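So the chains spell out like this:
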Amino acid sequence: MYNRTRVCEQAVKIRLDIITMLAAAGSGHPGGSLSAADIVATLYFGDVLNFDAKNPQDPARDRFVLCKGHAAPVLYAALAQAGYFDKKELLNLRKLGAMLQGHPDALKTPGVEVSTGSLGQGLSIACGMAAALKAAGGPQRVFTLLGDGELQEGQVWEAALFAPHYRLDNLVAIIDSNGLQIDGACCDVMALGDIAGKFRAFGWDACEVDGHDIDALHAVLSAAPCADKPRAIIAHTEKGKGVSFMEGVASWHGVTPCEKQAREACAEIECAGNEARDRARDSVSSEGGHHG
Amino acid sequence: MGKATRAAYGATLIELADEGLPITAVEADLSGSTTLSKFGERYPDRFYNAGIAEANMTNVAAGLALEGNIAFTGSFAIFGTGRAWEQVRNTVCYNDLNVKLAPTHAGVTVGPDGGSHQALEDIALMRVLPHMHVLVPADFNAARAAIRLAAATPGPFYIRLGRAEVAEVHASDFVFELGRAYVLREGTDVTLAACGIEVAEALKAADLLAADGISAEVIDVACIKPLDVETLVASVSKTGRIVTCEEHSVLGGMGSAISEVLSEVCPVPTRRIGVADTFGTSGSPAELIEHFGLDAPSIAAAARELV
């Protein structure tokens, strides 16, 4: 059952793990991992994805494809938290012989549906999975998370044509629209314009959401499918969200914090988490007062 | 002339699906040419047309394979292996998926469409990929057998199919074995190692050489990856020289694969017959085979130089 407080707590843990594992690895992608933390927390811990960590290949599971594979840390943190593997693995990220590769590797990591990392390929893969599941008549859904800069890959739009043509209403594409890419702002590098409008023009059901509002994310991610149409959710996010010195700074795309910065970042994430928990507790007790 | 290798594609997928295998096919708007349309007519629920979008075609097949299907892809060899190369590398092979690429229209025998459509680099592009298997059937019967082998063997396959009719060199009950080369004619003076349509040319070249008193051994190197090193080494240990023959660039293809191995384990004088680091051009298949020196007289001439 959906519990906002639980999702928020998991999002805090995911952010802490992202910082900790990236600081230990000394390389990797914090910005786009942090921007997606609330989305991924809602998928895994907000009663959206149906999964069984003890049986990663359970045919009844919903599928999640991390199209923006460089955000691997956010996925690894969620999978570890969900119990797919020991959390200690996080500290081996990107090291020789590690289960957790720089980009997701399905042959090495339980819970990773498919290896990704080369941008623009995951939506097509998700289309194939959704087509197979639909042909088999199952209730499973396929969720995939793309970056906004990633939409510059032409293959994304090949897949965007395919999904509505084959009426893949079991497919949900979430766009982590943080507005930044390696070389700067998306609008400066290669403007994306009206993303929701583009998906609608391609025949998708499209909506926009605040990608850091857990209740709003839960509502759109768990909404019933729109008959015969795939769904695109444009989640407006902030790159580096939760770590003030990273927020909105393109250069934190692929640079990791030093030990001191990591300590500051974790302190800030924990502090914000504690404040949010206190606020939630206060609001519950004040609600209790009204009803009592 | 026998049937073209591409004629085996749709028909064999129907056989396999009829036998109960979870076959699916994804095409990129060339289903009539690749003959996948036949499969699509018989099994419309297992056939997807991605439109003119080879990258998406390849990764949709990957998604189908992830869900337990044996996913075949279409298009022409130049697009299926070239335009979608990085999809084949990073999704199909990196994930070791049950995706079988059998795009048609490889080599110069595409004919009048010309250089833009004549894949001469596809064997090179595919054989460098980890997890990939590379099969080059010599005729219709071998093509049917290659498709059956790929369906029965887990993992990524590239099966090179052609547009033009080709002489029959294998019987209709031919069984394609992974990693096996087939000695079609025994000889003692020179080894002619060929694949695809060049197998028939090599057999004709062996006749020409026999008239000169030269005994040529002809091997169908039907499986380029994994390569049957044992058969090749046994042959050149006997003959002491080899001519490799392929309808592909001399760079990176079967001749390169054989040379890489023999240079390490059993170096012998070698000539490589193939297209010499250039693009194809328009013409009829027969004209082009002669134009690029892929015909039996050219093979025989190369062999005579070595003997």
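None of these values were measured; they are calculated from a predicted model.

Cut-off values and rules
- Residues numbered from 1 in each chain as written.
- Chains lettered and ligands numbered in written order.
- Predicted model: local features only at pLDDT ≥ 70, side-chain atom pairs only at ≥ 80, totals over all residues.
- Buried ≥ 20, exposed ≤ 12 C-beta atoms within 10 Å, placed from the backbone.
- Helix = DSSP H or I, 4+ residues; strand = E, 2+ residues; numbered from the N terminus.
- Pairing = 2+ DSSP bridges.
- Right-handed = clockwise from strand over helix to strand, strands pointing away.
- Contact = placed C-beta atoms within 7 Å.
- Nonpolar A, V, L, I, M, F, W, Y, C, P; charged D, E, K, R; others polar.
- Domains from an automatic or database assignment.
- Axes fitted to C-alpha atoms, helices over the stretch in contact; angles between N-to-C directions.
- Core = buried A, V, L, I, M, F, W, Y, C linked by C-beta atoms within 7 Å.
- Expected span 1.5 Å × (residues − 1).
- pLDDT = per-residue confidence, 0-100.
- Parallel < 35°, antiparallel > 145°, perpendicular 65-115°, else oblique.

**Some points on the pairing of strand S7 (residues 231-236) of chain A**
Residues and elements named next belong to chain A.
Part 1 of the argument: Among the six residues that make up S7, five are buried, leaving the element largely enclosed by the rest of the structure.
Part 2 of the argument: In this sheet, S7 lies alongside strand S3 (residues 171-177) in parallel orientation, the contact comprising six bridges. Across the sheet, residue valine 172 finds its bridge partner in S7, namely arginine 231.
Part 3 of the argument: In this structure, strand S6 (residues 205-210) lies alongside S7, joined through six bridges in parallel fashion. Bridged to valine 209 within S7 is alanine 235.
Part 4 of the argument: Each parallel crossover has a hand, and the one from S6 via helix H9 (residues 214-221) to S7 is right-handed.

**With respect to the interface of chain B and chain A**
Part 1 of the argument: On the chain A side, the residues contacting the 23 residues of chain B number 23 residues.
Part 2 of the argument: Secondary structure elements with two or more residues in the side of chain B that touches chain A: helix H4 (54-66) and helix H6 (85-93) of chain B.
Part 3 of the argument: In terms of residue count, H4(B) provides more of the side of chain B that touches chain A than any other element does, nine residues in total.
Part 4 of the argument: Its residues assigned to classes, the side of chain B that touches chain A comprises ten nonpolar, nine polar and four charged.

**Here we look at the environment of A:Arg61**
Residues and elements named next belong to chain A.
Part 1 of the argument: Position of arginine 61 relative to the elements: it lies in the loop between helix H3 (37-45) and strand S1 (63-66).
Part 2 of the argument: Arginine 61 gets classed as partly exposed once you count the C-beta atoms within 10 Å, which come to 18.
Part 3 of the argument: A sequence separation of 51 residues divides arginine 61 from glutamine 10, and the C-alpha atoms of the two residues are 21 Å apart.
Part 4 of the argument: Not counting the four nearest positions on each side in its chain, arginine 61 is found in contact with Asn50, Phe51, Asp52 and Gln140.

**Topic: the domain arrangement of chain B**
Residues and elements named next belong to chain B.
Part 1 of the argument: Partitioning chain B into domains gives domain 1 (7-159) and domain 2 (182-306).
Part 2 of the argument: On a C-alpha basis, the centres of domain 1 and domain 2 stand 26 Å from each other.
Part 3 of the argument: Counting residues at the interface gives 21 residues for domain 1 and 29 residues for domain 2.
Part 4 of the argument: Secondary-structure elements contributing two or more residues to the side of domain 1 that touches domain 2 are helix H7 (122-127) and strand S5 (133-135).
Part 5 of the argument: When its residues are assigned to classes, the side of domain 1 that touches domain 2 shows twelve nonpolar, seven polar and two charged.

**A word on unusual backbone geometry**
Apart from glycine, the bulk of residues carry a negative phi angle, and the bulk of peptide bonds sit in the trans form.
Residue and element names in this part refer to chain B.
Part 1 of the argument: Cis peptide bonds are those with omega within 30 degrees of zero, and the linkage from lysine 225 to proline 226 qualifies with -5°.
Part 2 of the argument: Here proline 226 is to be found in the loop between strand S10 (223-225) and helix H10 (229-239).
Part 3 of the argument: In this structure, threonine 35 takes a positive phi of about 75° despite not being glycine.
Part 4 of the argument: You will see that aspartate 277, though not glycine, has its phi angle at about 50°, which is positive.

**Remarks on the sheet that holds strand S8 (residues 190-194) of chain B**
Residues and elements named next belong to chain B.
Part 1 of the argument: Ordered in space as S7-S9-S8-S11-S12, the five strands form an open sheet in which the pairing is mixed. Every other strand in the sheet has two partners, leaving strand S7 (182-185) and strand S12 (270-275) as the edge strands with one partner each. Direction aside, the axes of adjacent strands within the sheet are offset by 25° on average.
Part 2 of the argument: Bridge count for S7 against strand S9 (residues 216-220) is three bridges, and the pairing is antiparallel. Each bridged residue has a counterpart across the sheet, and for tyrosine 182 the counterpart in S9 is aspartate 220.
Part 3 of the argument: Strands S8, strand S11 (242-249) and S12 of the sheet are contacted by helix H11 (residues 254-265), whose axis makes an angle of about 140° with S11.

**So, the nonpolar core**
Soluble globular proteins tend to pack their nonpolar side chains together in the buried interior.
Part 1 of the argument: The biggest cluster of nonpolar side chains holds 200 residues, and the ones touching the most others in it are A:Val40, A:Cys127, B:Leu192, B:Ala222 and B:Ile299.
Part 2 of the argument: Here this core takes ten residues from helix H1 (residues 4-25) of chain A, the largest share from any one element.
Part 3 of the argument: There are two domains that each give this core at least three residues, and those are domain 1 (7-159) and domain 2 (182-306) of chain B.
Part 4 of the argument: If near-sequence neighbours (up to four positions away) are discounted, B:Ile299 is found in contact with B:Leu192, B:Glu201, B:Ala202, B:Ala205, B:Val243, B:Cys245 and B:Ile273.

**Things to note about H4(B)**
Part 1 of the argument: Spanning 13 residues, H4(B) covers 18 Å between terminal C-alpha atoms, matching the ideal 18 Å at 1.5 Å per step.
Part 2 of the argument: The buried fraction of H4(B) amounts to 13 of the 13 residues, a majority that puts the element mostly inside the structure.

**Quick notes on the confidence of the model for chain B**
All names here are of chain B.
Part 1 of the argument: Summary statistics for chain B give a mean pLDDT of 98 and a share of 100% for residues scoring 70 or more.
Part 2 of the argument: Here helix H2 (residues 31-34) stands out as the element of chain B with the lowest mean pLDDT, 97, in contrast to S8, whose mean of 99 is the highest.
Part 3 of the argument: Interface confidence for the predicted complex, given as ipTM, is 0.96, next to a pTM of 0.97.

**Some details on H6(B)**
Part 1 of the argument: Of all nine residues that make up H6(B), seven are buried, and the element is covered over most of its length.
Part 2 of the argument: Listed as buried for H6(B) are B:Trp85, B:Gln87, B:Val88, B:Asn90, B:Thr91, B:Val92 and B:Cys93.
Part 3 of the argument: Turning to H6(B), the residues buried within the fold contact helix H5 (122-136) of chain A together with H4, helix H5 (77-83), strand S4 (99-101) and H7 of chain B.

**Comments concerning the packing of H4(B) against H6(B)**
Residue and element names in this part refer to chain B.
Part 1 of the argument: The geometry of H4 relative to H6 is characterised by a closest axis approach of 10 Å and an angle of 10° between their N-to-C directions. By the angle between their axes, H4 is roughly parallel relative to H6. Across from Ala55, Thr58, Asn59 and Ala62 in H4, the residues of H6 making contact are Gln87, Val88, Thr91 and Val92.
Part 2 of the argument: Considered class by class, the residues forming the contact of H4 with H6 number four nonpolar, four polar and no charged.

**Side note on the sheet that holds strand S6 (residues 157-159) of chain B**
Residues and elements named next belong to chain B.
Part 1 of the argument: Here we have seven strands laid out as an open sheet, ordered S2-S1-S3-S4-S6-S5-S10, and mixed in their pairing. Each having just a single partner strand, strand S2 (47-49) and S10 make up the two edges of the open sheet. The sheet shows a mean angle of 20° between the axes of neighbouring strands, direction not considered.
Part 2 of the argument: In the sheet, strand S1 (residues 23-27) pairs with strand S3 (residues 70-73) via four bridges, with the strands oriented parallel. The residue of S3 that forms the bridge with isoleucine 23 is isoleucine 70.
Part 3 of the argument: Lying on the sheet, H4 is in contact with S1, S2, S3 and S4; it crosses S3 at an angle near 170°.

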